[in-house]
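Here is how the chains run, residue by residue.
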Amino acid sequence: MPQRPLVMGIVNVTPDSFSDGGRFLATDDAVAHGMELLADGADILDIGGESTRPGATRPLVEEELARVVPVIAELSAAGAVVSVDTMRAEVAEAAAAAGATIVNDVSGGLADPRILSVAADTGVTYLCMHWRGHSDVMQTLTSYDGPGGVVAAVRAELEQRVDAARAAGVEKLVLDPGLGFAKTADQNWELLRGLDAIADLGLPVLVGASRKAFLGRLLGGRGGEPRPVGEREHAHTALVSLLAARGVWGLRVHDVRATSDALAVVGRMAE
Ligand code: PMM
């Protein structure tokens, strides 16, 4: 049995994230939420100040900095392993100075290429996600027509980003297939089934499926309406168990307690 996946708890300091937007916008609320996730068993806290839901508009860099830096500083000072969810070099730099040791860049260095040298210079772990474009256009970028379909394309495009990151001097890398980012629901399932092709690149893999629309679609009602965001956790927990058995390195989740419970079961069964 592989080592159990690390649990990355999500702290969205945004007014508009799809599942928890606006709930933790004040620094104190975000810090308190982070502390709760730690108590529930989170190994890493992922602090983000930009919503990436489809169609979201981008905050100013000053806004993003003001949202995340104080939260990162407080949670790092409390002993948490902190990741910053940002596509911006300037935010990654400030976050590392405030104590973040992981930069979670959903754009894989495409949105702001200088983020790769920031990751190299600060020595953080660089979490490199598959991405094709910003939230306003990503749903128009779901063509994966080459041989091997979405799995082969995501693997090849991630490999290019790994090369770019290594060329910039990044040493510690983690890959993420980017579920929901320029992918249809069916493509997300194909990617999950084909995850070994991504793992074959020889780097740790993290998956972020928590509360996403493809789970809502799976569980949708007869009229085709998706299951609401707050009612997708059981399906996500089942998925987490399957991914744990397949040896993923990390899981990015909202409900840390449910995920930790699932991992306890998977671990006990593997003894
Ligand atoms: N998904 C979201 C945001 N950041 N980061 C990584 N590495 N992987 C993901 O799948 C991912 C991410 C969107 O979800 P949220 O709005 O609930 O944070």
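Scroll up a little and you will see the structure.
One structure accompanies this document, and this report is about it.

Thresholds, definitions, all that
Residues numbered from 1 in each chain as written. Predicted model: local features only at pLDDT ≥ 70, side-chain atom pairs only at ≥ 80, totals over all residues. Heavy atoms only, no water. Core = buried A, V, L, I, M, F, W, Y, C linked by side-chain atoms within 4.5 Å. Buried < 20%, exposed > 50% of the residue type's maximum accessible area, 1.4 Å probe, protein only. Helix = DSSP H or I, 4+ residues; strand = E, 2+ residues; numbered from the N terminus. Contact = heavy atoms within 4.5 Å. Salt bridge = Lys/Arg side-chain N within 4 Å of Asp/Glu carboxyl O. 1 Å grid on protein atoms, 1.4 Å probe; cavity = no way out; pocket = protein on both sides within 12 Å on 5 of 7 lines; lining within 4 Å. Points joined across faces, edges and corners; volume = space filled by probe spheres on them. Nonpolar A, V, L, I, M, F, W, Y, C, P; charged D, E, K, R; others polar.

## Describing the nonpolar core
- One finds Ile47, Ile72, Tyr126 and Val207 to be the most contacted residues of the largest nonpolar core, which totals 76 residues.
- Ranked by residue count, the leading element in this core is helix H5 (residues 149-167), at 7 residues.
- The contact partners of Ile47, leaving out residues within four places of it in the chain, are Val11, Val13, Val68, Val71, Ile72, Leu75, Val82, Ser83, Val84 and Asp85.
- In terms of nonpolar packing, the next biggest core, distinct from the first, is built from 6 residues, Met8, Ile102, Leu127 and Leu206 among them.

## Regarding the pattern of salt bridges
- Within the structure shown, the criterion is met by 9 salt bridges.
- Close ionic contact of Arg88 with Glu64 constitutes a salt bridge, the shortest N to O distance being 2.7 Å. One end of the pair, Arg88, is in the loop between strand E3 (82-85) and helix H3 (89-97); the other, Glu64, is in helix H2 (residues 61-77), with 24 residues separating them in the sequence. Taken individually, Arg88 and Glu64 each receive the classification buried, so the pair is uniform in this respect.
- For the salt bridge of Arg252 with Asp85, the shortest nitrogen-to-oxygen distance reads 3.1 Å. In this pair, Arg252 is assigned in strand E8 (residues 250-253) and Asp85 in strand E3, connecting sequence segments 167 residues apart. Pair check on accessibility: Arg252 and Asp85 agree, each one buried.
- The network of salt bridges with shared partners includes Asp46, Asp85 and Arg252.

## Looking at empty space enclosed by the protein
- Enumeration according to the criterion identifies 1 cavity of 30 Å³ or more in this entry.
- In this structure, the largest cavity encloses a volume near 30 Å³.
- Lining the largest cavity are Glu50, Thr52, Asp85, Thr86, Met87 and Val106.
- In the lining of the largest cavity, the residues fall into 2 nonpolar, 2 polar and 2 charged.

## A few points about the environment of Leu25
- Mapped onto the elements of the fold, Leu25 is located in the loop between strand E1 (6-12) and helix H1 (27-39).
- On the basis of relative accessibility, which here comes to 39%, the residue Leu25 falls in the partly exposed class.
- When the C-alpha positions of Leu25 and Val103 are compared, they lie 20 Å apart, and in sequence the two are 78 residues distant.
- Setting aside residues no more than four positions away along its own chain, Leu25 makes contact with Val13, Thr14, Pro15 and Arg67.

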